[in-house]
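What the coordinates show
Below are the chains, spelled out letter by letter.
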Amino acid sequence: MNPKQTPLTPSRSTAGFTLTELLVVIVIIVTLAALSFVGVQKIRQSAHQARCADNLRKWGIAVNGYAADNNGQVVWNGWASISSTARHYETYLGGDRDSATATMDGKRVFATQLCRRCPAQKWDGVGNGVTGYAVTRPNPKIPSSNIYNLSTASDPSQLLLMIDAEGFLNLSGPDDIASAITPICKDTTSRHRQTVNALFGDGHVSSYRLGEIAGSDSGKKAMRERWFTLR
């Protein structure tokens with residue numbers, strides 16, 4: 001053997017991963033999976049919010065269409081009801097007043113049922129249980145009135161008609177809003193990433209965070225009052 005040569009020894013590169021290296025790889029994979037999950041959740045929530053807003057726009061078209069055909073009159077009582085005596089907006093939502101012609105999760109439902117459910121809200125499979133919107137009574141100064149004239153609204157763009165809520169609620173005044181939307185704005189996993197969609201009398205839909213609506217300062221109180229003022 002040439003004295004200047006040394007015997008070949010196994011190279012470290014031929015050895016397997018060490019335990020530390022395996023743990024590092026596992027941590028990286030878990031971290032990437034977690035980030036991917038968060039991204040998917042955000043995308044899903046954004047999609048739900050967009051579909052929810054589309055539901056409310058359909059209601060805006062239906063309500064204004066009904067008002068146009070009835071000298072401005074809007075029926076508040078049973079607004080989104082599925083009972084046969086109060087299905088006032090069925091045909092304006094693309095359905096049939098006397099039969100379930102829409103399909104939701106493979107079940108036949110009335111068009112009003114289809115639009116009553118926020119996509120992020122669980123459904124009871126029938127349509128007349130848990131739904132996702134609250135309906136306002138735009139003229140709380142006359143609490144017994146179930147019919148009002150939308151054409152008399154001094155500012156339809158500020159007259160609240162429907163808003164995201166837990167279940168299906170009737171709001172009798174501005175003080176009811178916070179209790180209706182707080183349950184679905186509790187944390188970042190809540191519906192629409194802690195925001196709610198709201199439909200106004202002119203048919204437009206806006207999104208609000210809880211802090212923009214609920215609160216005791218004079219500005220928020222005045223806004224809520226406007227939302228319930230017909231004229």
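In what follows, the structure referred to is the one given above.
This write-up is about the structure you can find in this document. (Residues numbered from 1 in each chain as written. Predicted model: local features only at pLDDT ≥ 70, side-chain atom pairs only at ≥ 80, totals over all residues. Heavy atoms only, no water.)

**Looking at the sheet that holds strand β6 (residues 160–164)**
Judged by pairing direction, the sheet is mixed, and its 5 strands sit side by side in the order β7-β4-β6-β8-β9 without closing on themselves. The sheet terminates laterally at β7 (169–171) and β9 (205–209), the two strands that pair on one side only. For this sheet, the mean inter-axis angle between neighbouring strands, taken without regard to orientation, is 25°. (Pairing = 2+ DSSP bridges. Helix = DSSP H or I, 4+ residues; strand = E, 2+ residues; numbered from the N terminus. Axes fitted to C-alpha atoms, helices over the stretch in contact; angles between N-to-C directions.)

**Structural notes on the nonpolar core**
If you look at the biggest cluster of nonpolar residues, it comprises 27 residues, and the most contacted ones within it are Tyr-89 and Met-162. Top element by residues in this core is helix α1 (residues 19–69). It accounts for 8 residues. Judged by nonpolar contacts, the second largest core, of 18 residues, contains Ala-134, Leu-171, Ile-177 and Trp-227. (Core = buried A, V, L, I, M, F, W, Y, C linked by side-chain atoms within 4.5 Å. Buried < 20%, exposed > 50% of the residue type's maximum accessible area, 1.4 Å probe, protein only.)

**Overview of a nonpolar patch on the surface**
Side chains of Leu-19, Leu-23, Ile-26 and Val-30 sit close together on the surface and give an oily, nonpolar patch of about 400 Å² of accessible area. Among the structural elements, Ile-26 can be located in helix α1. (Patch = residues over 30% accessible without salt bridge, like charges linked within 9 Å, V, L, I, M, F, W, Y side chains within 5 Å. Areas by Shrake-Rupley, 256 points an atom, 1.4 Å probe, with all protein chains shown as cover. Salt bridge = Lys/Arg side-chain N within 4 Å of Asp/Glu carboxyl O.)

**Digging into the packing of aromatic side chains**
This structure, assessed with the given rule, holds 6 aromatic pairs. Centroid distance Trp-59 to Tyr-89: 6.3 Å. Interplanar angle 75°. Geometry classified as edge-to-face. Of this pair, Trp-59 sits in helix α1 while Tyr-89 sits in the loop between β1 (73–75) and β2 (102–104), placing them 30 residues apart in sequence. Considered together, Trp-59 and Tyr-89 belong to a single accessibility category, that of buried residues. A connected cluster of aromatic rings, assembled from ring pairs, spans Trp-59, Tyr-66, Tyr-89 and Tyr-92. (Phe/Tyr/Trp six-rings, centres within 6.5 Å; stacked < 30°, edge-to-face > 60°.)

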